[in-house]
Amino acid sequence: MNPRERVMLALNHKEPDRIPIDLGGSICSSIHRDAYIELKKYLGMDLEEIRMADYVQQLPYLDGALLERFGVDFRMVQLPAATAPDLHIFEEGDYYAFVDRWGSKLYMPKDGGLYFDWVDFPIKKATMEALDNYTWPQPDPPEYNAQLREQAEYLYQNTNYALVGSAVIGGGIFEQPARTMGLEDFFIALLTEPKFADRLMGQITEIYIESCNDYLEQVGEYLHVFTYWDDVSGQDGWLISPDIYRKMVKPKQRRLLEAIKSKTNAKVYYHSCGAVYDLIPDLIELGFDILNPVQVSARGMDTKRLKEEYGKDIVFWGGGADTQRVLPFGKPDEVANEVKRRIDDLAPGGGFVFAAVHNIQAFVPPENIVTMFEIALEYGKY
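All of these numbers come straight from a predicted model, not from anything done at the bench.

The rules behind each value
- Residues numbered from 1 in each chain as written.
- Predicted model: local features only at pLDDT ≥ 70, side-chain atom pairs only at ≥ 80, totals over all residues.
- Heavy atoms only, no water.
- Helix = DSSP H or I, 4+ residues; strand = E, 2+ residues; numbered from the N terminus.
- Buried < 20%, exposed > 50% of the residue type's maximum accessible area, 1.4 Å probe, protein only.
- Lys, Arg positive; Asp, Glu negative; His and termini not counted.
- Salt bridge = Lys/Arg side-chain N within 4 Å of Asp/Glu carboxyl O.
- Polar contact = N/O pair within 3.5 Å; in protein donor to acceptor, adjacent residues only side chain to side chain.
- Contact = heavy atoms within 4.5 Å.
- 1 Å grid on protein atoms, 1.4 Å probe; cavity = no way out; pocket = protein on both sides within 12 Å on 5 of 7 lines; lining within 4 Å.
- Points joined across faces, edges and corners; volume = space filled by probe spheres on them.
- Nonpolar A, V, L, I, M, F, W, Y, C, P; charged D, E, K, R; others polar.
- Pairing = 2+ DSSP bridges.
- Axes fitted to C-alpha atoms, helices over the stretch in contact; angles between N-to-C directions.

## Re the side chain of K267
Looking at the element boundaries, K267 is found in strand 12 (residues 267–271). Of the side chains with opposite charge, D289 comes closest to the buried, unpaired K267, at an N-O distance of 4.6 Å. Side chain to side chain, K267 and N12 meet in a polar contact 3.1 Å long. For K267, the residues in contact, after removing those within four places along its chain, are L11, N12, H224, V225, F226, D289 and I290.

Here it is, written out as structure tokens:
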């Protein structure tokens, strides 16, 4: 069975020959640059020139030989996310810096920095005047999507991988406002200036619909999975009240999802870290097909329970190994046991794609990464 056939069976809640495996299919299931370099050294593989797929999270484009080594069934069709097409990184004191396409400034320490963090924002006040004067970003130019069409068409016709893409040019509808005015100020605005917050999220939704339409008109016929990310939960539960989510955020997500599904037959996956157990019924009702990253260490995220209650209605993509404790700090035999446990819980009946919980972080021992994928390949057979 080839990767594409394997993936489509699993995404349609059927059992293929083995569980599909993902690494680097999206910016929510990849590996930090430092961990990637150490992994390739550990495996004795040549290190190519590093090109970044995501500067904020420091995620590189991954070498095809490494993906083959781990039996990865997916390939990404996506230009760098959350960055301007003409991204320019510069030095500012003790930091590397850049300004993203939304006009926000990000810093990463020169000494030991692992990620870029948002430090300054273009929207300073929660007022309608601030929105009137704000320079909204534009979707990617046509030549970018034409380039992606060539890539997607080549991969579709000349390989048998499942193709994954996205055209979300920032954070999700709920996430991006925090990257444009600051998290605390946006949370306050949701309560004290709801008309402002609603307009801000509404305009972001319009930009995303336009961006997704442009992208999918070029690429949609070749995609098998479209990824969307929008963290509305933390370690212990909702970041905002469910009522605010359902009144202000969910209708906009519905509009975006309907626009996406009108342009492609790809399955659509929703990424939210944290304790999303109580969110899952909303995602199913909206029509999302897949949940990622299945943060098994968060409250209420017991994989056996998740599968029993929601496994017929949504695909679980991730959850293959706890990336907060076991993968970075456990021994290889602990990693092996963790992987087997999650496969036992999530694999029956299909509807499961194996991946770590979110991106593999810096300092994760390479022997643990190798163990995780080797056990998944060996133990994940139906």
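## Some points on empty space enclosed by the protein
Under the defined criterion, the tally for this structure stands at one cavity of 30 Å³ or more. Of the pockets and cavities examined, the largest cavity occupies roughly 40 Å³. Together, D22, L23, S29, S30, A355, A356, H358, I360, M372 and F373 line the largest cavity. Class assignment for the residues of the lining of the largest cavity results in six nonpolar, three polar and one charged.

## A closer look at the environment of A35
Examined against the element boundaries, A35 turns out to sit in helix 2 (residues 33–42). For A35, a relative accessible area of 3% corresponds to the buried category. Residues A35 and M128, spaced 93 residues apart in sequence, show a C-alpha to C-alpha distance of 44 Å. When neighbours within four sequence positions are excluded, A35 is seen to be in contact with Q361 and A362.

## A closer look at the sheet that holds strand 12
Strand order in the open sheet formed by seven strands is 3-8-9-12-13-14-15, and the pairing between neighbours is parallel. Unpaired on one side and paired on the other, strand 3 (74–77) and strand 15 (352–353) mark the two borders of the sheet. With two bridges connecting them, strand 13 (residues 290–292) and strand 14 (residues 315–317) associate as parallel partners. Pairing of L291 across the sheet is with F316, part of strand 14. Each of strand 3, strand 8 (162–165), strand 9 (225–229), strand 12, strand 13, strand 14 and strand 15 touches helix 1 (residues 3–11); the most contacted strand, strand 14, lies at about 125° to it.

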